[in-house]
Number of protein chains: 2
Amino acid sequence: MAVNLTPPDPKSLLPVAGVDLGFAYAGIRKVKRNDLMLIRLAQGSRVAGVFTQNAFAAAPVQVCRQHLAASETFRALVVNAGNANCGTGEAGLLAARQTCDAVARELGCRAAEVLPFSTGVILEHLPVERIEAALPACVSTLAPAHWAEAAAAIMTTDTVPKAASRSLALGGVRLTVTGMAKGVGMLQPNMATMLAFVGTDASISGALLQRMVREVADASFNRVTVDGDTSTNDSFVLIATGVAAGPEVVAPQDAGYAALKEAVTQVAVELAQAIARDGEGATKFITIRVNGAKNAEEAVRVAKAVAHSPLVKTAFFASDPNLGRLIMAIGNAGIAGLDTSRIDLYLGDVKVIERGGRAADYREEDGTRAMKPAEIAVRIELGRGDASTTVWTCDLSYDYVKINAEYRT
Amino acid sequence: MAVNLTPPDPKSLLPVAGVDLGFAYAGIRKVKRNDLMLIRLAQGSRVAGVFTQNAFAAAPVQVCRQHLAASETFRALVVNAGNANCGTGEAGLLAARQTCDAVARELGCRAAEVLPFSTGVILEHLPVERIEAALPACVSTLAPAHWAEAAAAIMTTDTVPKAASRSLALGGVRLTVTGMAKGVGMLQPNMATMLAFVGTDASISGALLQRMVREVADASFNRVTVDGDTSTNDSFVLIATGVAAGPEVVAPQDAGYAALKEAVTQVAVELAQAIARDGEGATKFITIRVNGAKNAEEAVRVAKAVAHSPLVKTAFFASDPNLGRLIMAIGNAGIAGLDTSRIDLYLGDVKVIERGGRAADYREEDGTRAMKPAEIAVRIELGRGDASTTVWTCDLSYDYVKINAEYRT
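Residues numbered from 1 in each chain as written. Chains lettered and ligands numbered in written order. Predicted model: local features only at pLDDT ≥ 70, side-chain atom pairs only at ≥ 80, totals over all residues.

**Some points on the overall build of chain A**
The helix and strand tally for chain A stands at 11 helices and 16 strands. Over its C-alpha trace chain A gives a radius of gyration of 22 Å, about what one expects of a compact globule, namely 22 Å for 409 residues. Oriented by its inertia axes, the alpha-carbon framework of chain A measures out at about 70 × 55 × 40 Å. When the 409 residues of chain A are sorted by exposure, 61% land in the buried category. At a minimum sequence separation of 6, the contacts of chain A that also span at least 24 residues come to 82%. (Helix = DSSP H or I, 4+ residues; strand = E, 2+ residues; numbered from the N terminus. Rg over C-alpha atoms; globule rule 2.2 N^0.38 Å. Buried ≥ 20, exposed ≤ 12 C-beta atoms within 10 Å, placed from the backbone. Contact = placed C-beta atoms within 7 Å.)

Next up, the structure:
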């Protein structure tokens, strides 16, 4: 029951020159649904990524970091669902490397040019032989038009595949940005989200691509939270094949950098919002805007304190304008010297908190009306400075408990 | 459905010389159940407290801090349930002071010798006139034997009143420590819990009493969490009437300090555990022990990262040995340089994680057996140092959502 989120129309997903996508069922997950996805990249493609900050970073995350440090360009990304290959020690690292070896053999490239990704149950051995066996079938489906099928193949408890496209013109050249993501729980990405892959046919230097992936992550995936838990496998990867005509973007002052970053950010924000809309058990999509913070870090802390509070989230589920829980959560953000008497708070267009107390002309029926819609905007004015942020989240429903109590059974 | 928690046998609650307790229905909460509680103290009683660190500290918390700073000894504590008197601005401070004035008139003492406490809904005006009207009835019930009734009068969503006693002999003098607490949600006390009052007839200097209340809070209420939300009204107050014979404890090296602190800690830990056992919707009582940390702060961070994770809590609710969620939560504690390959983890007596991976001889049926009981001990060995801690929590069930979705309706 994702909130205002439907599967992307495959026709709306623009192929990216130099990116082919394939999919197959390898039998890693129990239900018979595609669980293997392969992205083949044109020669010379650059890739940059940001990864989980969880101390138990999964084996594929560790191998990705090594390969990204060792190679300049990349030929493939391989993703399995159903098994996270995390907490699996040396055997897990070996399984991730074997996966890369198998892809390299199939595609005729070096293993270090392959990046591996896994998502699913933690602490279980990855049956790499099933991936090897399914790879030929996966390769046989490689095609530029397969973004929707690829997005479906990486889902775990997601109910809706998540993909989005933008195009832009740069110096007379038409460029495309298309991306996909998965993730609905264990989700407070820190530097990156569960798994997200965004590709463009633009040409951009490796250093600038790395800069862009960080900046975009901070403006998109790092601002969404479902349950405050950060996964062990979070990865957000930005691919630039450079296949489109046009000059390489080499400096942040280049006109192309801002334009390309804007398109990538739009795709990433749409994917990040899709993650919150499809949050486990979600019945409401909540946008939390914080204004008037001293700095961005403070704004994020206040927004996340509200977004993480189970009491705030259950109040949204109940459509209950329980204002006390909102101020409780703001008060818990740990902001030194916070003057609560300067704080205003709006639910939609209704001012509910004024100077730290109940707004003078607030009426309960207005609050109730503001809590009813499936999409709710919370705006918090701290009155301390000029910094702002926006965080997206969802409510906490019976179904969150149900989904997570029954996940492995 | 509290976990292995029944109402205290009134006969097990030892009266504390110099402490009388009264109760009444003032009509602050809608259901007709006692919602006003008064503690009268013998002349010369000392009181020390620790209070919420939420920036939206409630009006009674602010008045308590002022009165504690202004007076050496205290004559009364007054508590209402059903309304937190928080986010109520100047009017709220006035209401808290009016409550103290009314008690002072009834008992013939100064208002600064009265400490006010409130718990319940946030951001609603406290109808102080109802407290004033009910005070005479409340005073008429004042008696040393009324700990159980007093504990019942301060409950909100608690399902079981929480009180405990210990006695000790010090230099041939028999001393008593009896306490009560309330609180089952919005509960990750930070310096103190929702509301807890512990009294003793021992004689102890004001400075040492303040030291003791902090030390005991750190070892008891600060180590329990239900949902990670810190209330605006948290208060833990330690009362020493000095009515028992025996010398005043004036130095931490006094034999009496350690013995008295041990008895107060035992009462506080029993109350803190009762809070987790009665956690909103709780079906499991979870004890999380962390050993081998570099320091106590690190041990608490790891234990609370596990105790707060909604994914870990729903796995406990489902009796599902979902080991991956446990390592995910440990990895999210934000411990710099954490070497995951040194971490072992036990569920009860079953070693499930060994050197950061699944234990070699772990069998799923052993994990399933370990997750079944209503009381589960989790032990985490970090292998980094000598510091340890213990944190108590409960699981996250459908009923947590139900209780909090319906709280105000």
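**Some points on the sheet that holds strand β8 (residues 195–200) of chain B**
All names here are of chain B. The strand order β3-β9-β8-β7-β6 describes an open sheet built from five strands, whose pairing is mixed. What marks the edges here is a single partner per strand, and that holds for β3 (46–51) and β6 (162–170). Neighbouring strand axes in the sheet, compared pairwise and without regard to direction, differ in orientation by 15° on average. Here helix α5 (residues 206–219) sits on the sheet and contacts β3 and β9 (235–240); the angle it forms with β3, its principal contact strand, is near 35°. Docked against the sheet, helix α6 (residues 255–277) engages β6, β7 (173–182), β8 and β9, running at close to 165° with respect to β6. (Pairing = 2+ DSSP bridges. Axes fitted to C-alpha atoms, helices over the stretch in contact; angles between N-to-C directions.)

**Regarding the relation of the copies chain B and chain A**
One chain copy maps onto the other through a rotation about an axis and a shift parallel to that axis. For the match of chain B to chain A, the screw axis carries a shift of 0.0 Å, the RMSD comes to 0.0 Å, and the turn is 180°. The two molecules are tied by a two-fold rotation axis, judged by turn and shift. Looking at the rotation axis and the C-alpha trace of chain B, the residue lying nearest is B:Tyr398, at 2.7 Å. (Least-squares fit on C-alpha atoms with pLDDT ≥ 70 in both.)

**Thoughts on the interface of chain B and chain A**
On the chain A side, the residues contacting the 47 residues of chain B number 47 residues. At the level of secondary structure, the elements contributing two or more residues to the side of chain B that touches chain A comprise α8 (310–317), α9 (323–331), β13 (357–358) and α11 (398–405) of chain B. With six residues, α9(B) is the single largest residue contributor to the side of chain B that touches chain A. Here the side of chain B that touches chain A is built from residues that sort into 22 nonpolar, 19 polar and six charged. (Nonpolar A, V, L, I, M, F, W, Y, C, P; charged D, E, K, R; others polar.)

**What about the confidence of the model for chain A?**
Do not read the fine detail of predicted coordinates wherever pLDDT is low. The predicted model of chain A has a mean per-residue pLDDT of 89, with 96% of residues at 70 or higher. Two numbers describe this predicted complex: its pTM, 0.83, and its ipTM, 0.78. (pLDDT = per-residue confidence, 0-100.)

**Here's the deal with the nonpolar core**
Grouped together as the largest cluster of nonpolar side chains are 284 residues, with contacts concentrated most on A:Val302, A:Val306, B:Val302 and B:Val306. Ignoring any residue separated from it by four or fewer positions in sequence, one finds A:Val306 in contact with A:Ile288, A:Val312, A:Leu326, A:Ala329, A:Ile330 and A:Val378. (Core = buried A, V, L, I, M, F, W, Y, C linked by C-beta atoms within 7 Å.)

**Points about the domain arrangement of chain A**
Residues and elements named next belong to chain A. Domains assigned within chain A are domain 1 (10–275) and domain 2 (285–405). With centres defined by C-alpha atoms, the gap from domain 1 to domain 2 works out at 33 Å. Those elements that place two or more of their residues in the side of domain 1 that touches domain 2 are β9 (224–225) and α6 (255–277). Of the residues contributing to the side of domain 1 that touches domain 2, the split by class is three nonpolar, five polar and one charged. (Domains from an automatic or database assignment.)

**With respect to the sheet that holds strand β10 (residues 285–293) of chain B**
All names here are of chain B. Taken in spatial order, the six strands make up an open sheet running β13-β12-β11-β14-β10-β15, and their pairing is mixed. Each end of this open sheet is capped by a strand with a single partner; those strands are β13 and β15 (387–394). The sheet contacts of helix α10 (residues 364–371) involve β11 (344–347), β12 (350–354) and β14 (375–381), and relative to β12 the element is tilted by about 120°.

**Examining helix α1 (residues 59–70) of chain A**
Over its 12 residues, α1(A) extends 17 Å from the first C-alpha to the last, a length consistent with the 16 Å expected when each residue adds 1.5 Å. If you follow the buried residues of α1(A), they end up packed against β3 (46–51), α2 (89–107), β5 (114–121) and β10 (235–240) of chain A. (Expected span 1.5 Å × (residues − 1).)

**Points about the packing of helix α7 (residues 296–308) of chain B against α9(B)**
All names here are of chain B. For the pair α7 and α9, interaxial distance at closest approach is 8 Å and the crossing angle is 135°. In terms of orientation, α7 and α9 fall into the oblique class. The handedness of the crossing between α7 and α9 comes out as right-handed. Judged by residue contacts, Val-302, Ala-305 and Val-306 of α7 engage Leu-326, Ala-329 and Ile-330 from α9. Class assignment of the residues belonging to the contact of α7 with α9 gives a composition of six nonpolar, no polar and no charged. (Parallel < 35°, antiparallel > 145°, perpendicular 65-115°, else oblique. Left-handed = near helix turned anticlockwise from the far one by under 90°.)

**Thoughts on α8(B)**
Owing to its 3.6 residues per turn, the α-helix aligns residues three or four sequence positions apart on the same side. Within α8(B), eight of the eight residues are buried, which leaves the element mostly enclosed by the surrounding structure. Looking at α8(B), one finds that the buried residues are B:Pro310, B:Leu311, B:Val312, B:Lys313, B:Thr314, B:Ala315, B:Phe316 and B:Phe317. Taken together, the buried residues of α8(B) touch α11 (398–405) of chain A together with β10, α7, α9 and β14 of chain B. Positioned one or two residues after α8(B), B:Ser319 has a phi angle of 55°, which is positive.

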